[in-house]
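# Summary of structural features
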Amino acid sequence: MALKIQPLADRVLVQPQEAETKTASGIYIPDSAKEKPQKGKVVAVGKGKEDYKMTVKVGDTVLYGKYSGSELKFDGKDYLIMREDDILAII
Amino acid sequence: MALKIQPLADRVLVQPQEAETKTASGIYIPDSAKEKPQKGKVVAVGKGKEDYKMTVKVGDTVLYGKYSGSELKFDGKDYLIMREDDILAII
Amino acid sequence: MALKIQPLADRVLVQPQEAETKTASGIYIPDSAKEKPQKGKVVAVGKGKEDYKMTVKVGDTVLYGKYSGSELKFDGKDYLIMREDDILAII
Amino acid sequence: MALKIQPLADRVLVQPQEAETKTASGIYIPDSAKEKPQKGKVVAVGKGKEDYKMTVKVGDTVLYGKYSGSELKFDGKDYLIMREDDILAII
Amino acid sequence: MALKIQPLADRVLVQPQEAETKTASGIYIPDSAKEKPQKGKVVAVGKGKEDYKMTVKVGDTVLYGKYSGSELKFDGKDYLIMREDDILAII
Amino acid sequence: MALKIQPLADRVLVQPQEAETKTASGIYIPDSAKEKPQKGKVVAVGKGKEDYKMTVKVGDTVLYGKYSGSELKFDGKDYLIMREDDILAII
Amino acid sequence: MALKIQPLADRVLVQPQEAETKTASGIYIPDSAKEKPQKGKVVAVGKGKEDYKMTVKVGDTVLYGKYSGSELKFDGKDYLIMREDDILAII
């Protein structure tokens, strides 16, 4: 599925992964107790800037700080668009 | 329709797109419940700066953060003028 | 009328245009309801800086953000002196 | 009268001009109603910095923002010492 | 044990060392009295930036300021991911 | 008397001059009414920085802003150590 | 006694000198009246940064601002680790 969206400059579009709603012991917890997801999949990458080359690629799974980026709704799905510098690591 | 306005430096003039006043289920919602638009059409682009070349072009549909830019009224229409760096993505 | 004033560096002297005191429907509105003008005429331009060349010229009509610049009274007239970067667009 | 004072770097010593205590209509107004002066005469100029060449010269009459600079008392007279960047224009 | 995680740019993944729960005099103290650990082992290192070469290496024991970095949970273990500049010293 | 102290980088050690405790009319005023001194003698000068060459020299009398620098007590005397950029002028 | 600790980049490890607990008149003052020490001995020095060469050396006695640096406990002794720029002077 190709997303027709081109992040500007050093920005990255990330699709957050669902927080598990089941604890290790198999008990379902209500929604408000879920931790805000910090893991996501890169779905679109900007072209960088004159003095900044992008590192992450489409398809990478990345970790990012809570509260990073701006929320975007697109075809009914939630995305985050953030600067690559907000991405902590590729896993 | 050519707008006789030349944004300075790295600024972009954007015409916000109307927020839909109908929900997916076809129900009209009152004005105060509408989300502030985050999508718009580029209608004029600055010439960039000595060390900054513009990326967006007139006619591009862009996403931008809520609260980005300054509001301008022009011939009875509302526009936003913002720095290109406030534009998140081209769609 | 040549103003004997030389703005320093990247500054621009702007003469604000009067806010219209008549609405589209032809009704006069009291002074406190007037919007602070955001349109003005450039009357003097600084020489720029070593790494900054000026774009606006004397005679240009410009848009600028509300609250931009410092107010100056000169021969009984009100002016604003602002950095060129505070100017949003030439119209 | 040569002032034996050498402003450092990009600083300028300015002697504020007295605010007029008479209005246009010739009525004297009490001291507290006077506007803080924004006009002054340059009496000493720093040597600039490695990457900054001075523009104003001794003898220039300059406009500067209210609250600019530090007040200095010298031989019973009040001066302001400010960075050249605080000077708005030469008149 | 190789951690499949690649910190971005100038970031370092650190595994905090347990705070001693026994005082010098051999008395166990309750958890809330423990000092937050400031010592840790480097388990993954970013590739640096165009103008910044990394100094620490995997396996180094490092000291870092309290409150440095973002907490990450990974395979049930707690890590901190921080910029190398948050690391005070290698011991 | 040579002070065995070497200010680091762009710092300057200044010995504040006593505020006059006698007014022009010859009346002594109590200590709390004295203005904090803004004049001092340079007693030691740092070696500058790679991109900053010092201007002031030992023996110069300088003016500096109130509240500039850190107070140091040395052999029972009070000094101020400040960055050269806090010095306003040489007199 | 060689400390096995390598400060990172432009950091310096300083061992604060005890504040004198005796006043000039020979009277002991209680602990809370002691001034926080501002004098210390350099015990370890970082390797600097690509664009910053270190000035202080191990063994130097230095003055530093109150509240500078992070406190570190090491083998039962208190140290401060600070950037060299927090050091005011070598004495």
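An unreviewed UniProt entry annotates chain A as Co-chaperonin GroES of Aequorivita antarctica. Note on chain A: under the UniProt heading Sequence similarities (unreviewed entry), the record states "Belongs to the GroES chaperonin family." Under the UniProt heading Subunit (unreviewed entry), the entry covering chain A gives this text: "Heptamer of 7 subunits arranged in a ring. Interacts with the chaperonin GroEL."

Secondary structure assignment for chain A yields zero helices and seven strands. Element order for chain A, N to C, with α for helix and β for strand: β-β-β-β-β-β-β.

Confidence along chain A averages 83 in pLDDT terms, with 77% of residues attaining 70 or more. This stretch, residues 32-37 of chain A, has a pLDDT under 50; its non-local contacts, to residues over four places away or in other chains, come to 10 contacts.

The next subject is the interface of chain A and chain B. Facing 13 residues of chain A, the contacting portion of chain B comprises 13 residues. Regarding the contact of chain A and chain B, the summed buried area is about 1000 Å², with carbon and sulfur atoms giving 61% of it. If you sort the residues of chain A by the area they bury against chain B, Leu8, Arg11 and Leu72 of chain A come out on top, with a joint share of 44%. Across the contact surface, chain A and chain B share five residue pairs in polar contact (both at pLDDT 80 or more). Put simply, the parts of the chain that give the side of chain A that touches chain B at least two residues each are strand 1 (6-7), strand 5 (70-74) and strand 6 (77-83) of chain A. Tallying contributions element by element places strand 5 of chain A first for the side of chain A that touches chain B, with four residues.

It is worth spelling out the pairing of strand 6 (residues 77-83) of chain C at this point. Residues and elements named next belong to chain C. Pairing geometry for strand 2 (residues 11-16) and strand 6, over four bridges, is antiparallel. Considered in strand 6, the bridge of Val12 is made with Met82. Where strand 5 (residues 70-74) hands over to strand 6, the hairpin turn is made up of two residues, of which Asp75 adopts a positive phi near 50 degrees.

What follows deals with the sheet that holds strand 3 (residues 39-45) of chain D. To summarise the sheet geometry, strands pair through backbone hydrogen bonds and adopt either a parallel or an antiparallel arrangement. The strand order across the open sheet formed by seven strands is 1(C)-7(D)-4(D)-3(D)-2(D)-6(D)-5(D), and the pairing between neighbours is antiparallel. One side of each edge strand has no neighbouring strand; the edge strands of this open sheet are strand 1 (6-7) of chain C together with strand 5 (70-74) of chain D.

Let us now look at unusual backbone geometry. Even without glycine at this site, Ala9 of chain E takes up a positive phi of about 55 degrees. Relative to the helices and strands, Ala9 of chain E is located in the loop between strand 1 (6-7) and strand 2 (11-16). Of note in the backbone geometry, Tyr67 of chain F takes a positive phi value of approximately 75 degrees without being a glycine. Positionally, Tyr67 of chain F belongs in the loop between strand 4 (61-64) and strand 5 (70-74). Residue classification places Tyr67 of chain F among the exposed positions, given a relative accessible area of 71%.

One can find Glu84 of chain C in the loop between strand 6 and strand 7 (87-90). Despite its burial, Glu84 of chain C pairs with no opposite charge, the nearest such side chain being Arg11 of chain B at 8.0 Å. Here the side chain of Glu84 of chain C touches Val56 of chain C through a polar contact of 3.1 Å, landing on its backbone nitrogen. Beyond its immediate sequence surroundings of up to four residues, Glu84 of chain C is in contact with Leu8 of chain B together with Asp10, Val12, Tyr52, Lys53, Met54, Thr55 and Val56 of chain C.

Bringing the interface of chain D and chain F into the picture now. In this assembly, 12 residues from chain D lie in contact with 12 residues from chain F. Surface buried jointly by chain D and chain F totals about 1000 Å² across both partners, of which 60% is contributed by carbon and sulfur atoms. Contact with chain F buries area across many residues of chain D, yet Leu8, Arg11 and Leu72 of chain D alone supply 44% of it, more than any other trio. Taken together, chain D and chain F are joined by one salt bridge. We note a salt bridge from Arg83 of chain D to Asp85 of chain F, for which the minimum N-O separation is 2.9 Å.

Attention now moves to the pairing of strand 6 (residues 77-83) of chain E. In terms of strand pairing, strand 5 (residues 70-74) of chain E meets strand 6 of chain E through five bridges, oriented antiparallel. When the sheet's bridge partners are listed, Leu72 of chain E is paired in strand 6 of chain E with Tyr79 of chain E.

This part is about the pattern of salt bridges. Summed over all chains, the structure comprises 14 salt bridges over all chains. Residues Arg83 of chain D and Asp10 of chain D are paired through a salt bridge, measuring 2.8 Å at the closest nitrogen-oxygen approach. On the criterion of sequence distance, the pair formed by Arg83 of chain D in strand 6 (residues 77-83) and Asp10 of chain D in the loop between strand 1 (6-7) and strand 2 (11-16) is long-range, its members being 73 residues apart. A relative accessible area of 26% places Arg83 of chain D in the partly exposed class. Taken together, the shared-partner salt bridges connect Asp10 and Arg83 of chain A together with Asp85 of chain B into one network.

Let us now look at the environment of Met54 of chain G. Residue and element names in this part refer to chain G. Tracing the sequence through the fold places Met54 in the loop between strand 3 (39-45) and strand 4 (61-64). We classify Met54 as buried; its relative accessible area is 17%. The spatial distance from the C-alpha of Met54 to the C-alpha of Asp85 is 9.7 Å, given a sequence separation of 31 residues.

Glancing now at the side chain of Asp60 of chain A. All names here are of chain A. When you line up the elements, Asp60 lands in the loop between strand 3 (39-45) and strand 4 (61-64). The side chain of Asp60 sits in the buried core without any salt bridge; Lys57 is the nearest counter-charge, 4.3 Å away. Sequence-distant contacts of Asp60, that is, excluding residues within four places in its chain, are made with Gly40, Lys41, Val42 and Ile90.

Turning to the environment of Val58 of chain G, a few remarks are in order. Residues and elements named next belong to chain G. Within the fold, Val58 resides in the loop between strand 3 and strand 4. Val58 gets classed as exposed once you look at its relative accessible area, which sits at 57%. Along the sequence, Val58 and Lys41 sit 17 residues apart, while their C-alpha atoms lie 7.8 Å from each other. The residues touching Val58, leaving out its near neighbours within four places in the chain, are Val42, Val43, Ala44 and Val45.

Analysis parameters
- Residues numbered from 1 in each chain as written.
- Chains lettered and ligands numbered in written order.
- Predicted model: local features only at pLDDT ≥ 70, side-chain atom pairs only at ≥ 80, totals over all residues.
- Heavy atoms only, no water.
- UniProt positions renumbered as here; feature names shortened; annotations may be inferred.
- Helix = DSSP H or I, 4+ residues; strand = E, 2+ residues; numbered from the N terminus.
- pLDDT = per-residue confidence, 0-100.
- Contact = heavy atoms within 4.5 Å.
- Buried area = accessible area lost by both parts, 1.4 Å probe.
- Polar contact = N/O pair within 3.5 Å; in protein donor to acceptor, adjacent residues only side chain to side chain.
- Pairing = 2+ DSSP bridges.
- Buried < 20%, exposed > 50% of the residue type's maximum accessible area, 1.4 Å probe, protein only.
- Lys, Arg positive; Asp, Glu negative; His and termini not counted.
- Salt bridge = Lys/Arg side-chain N within 4 Å of Asp/Glu carboxyl O.

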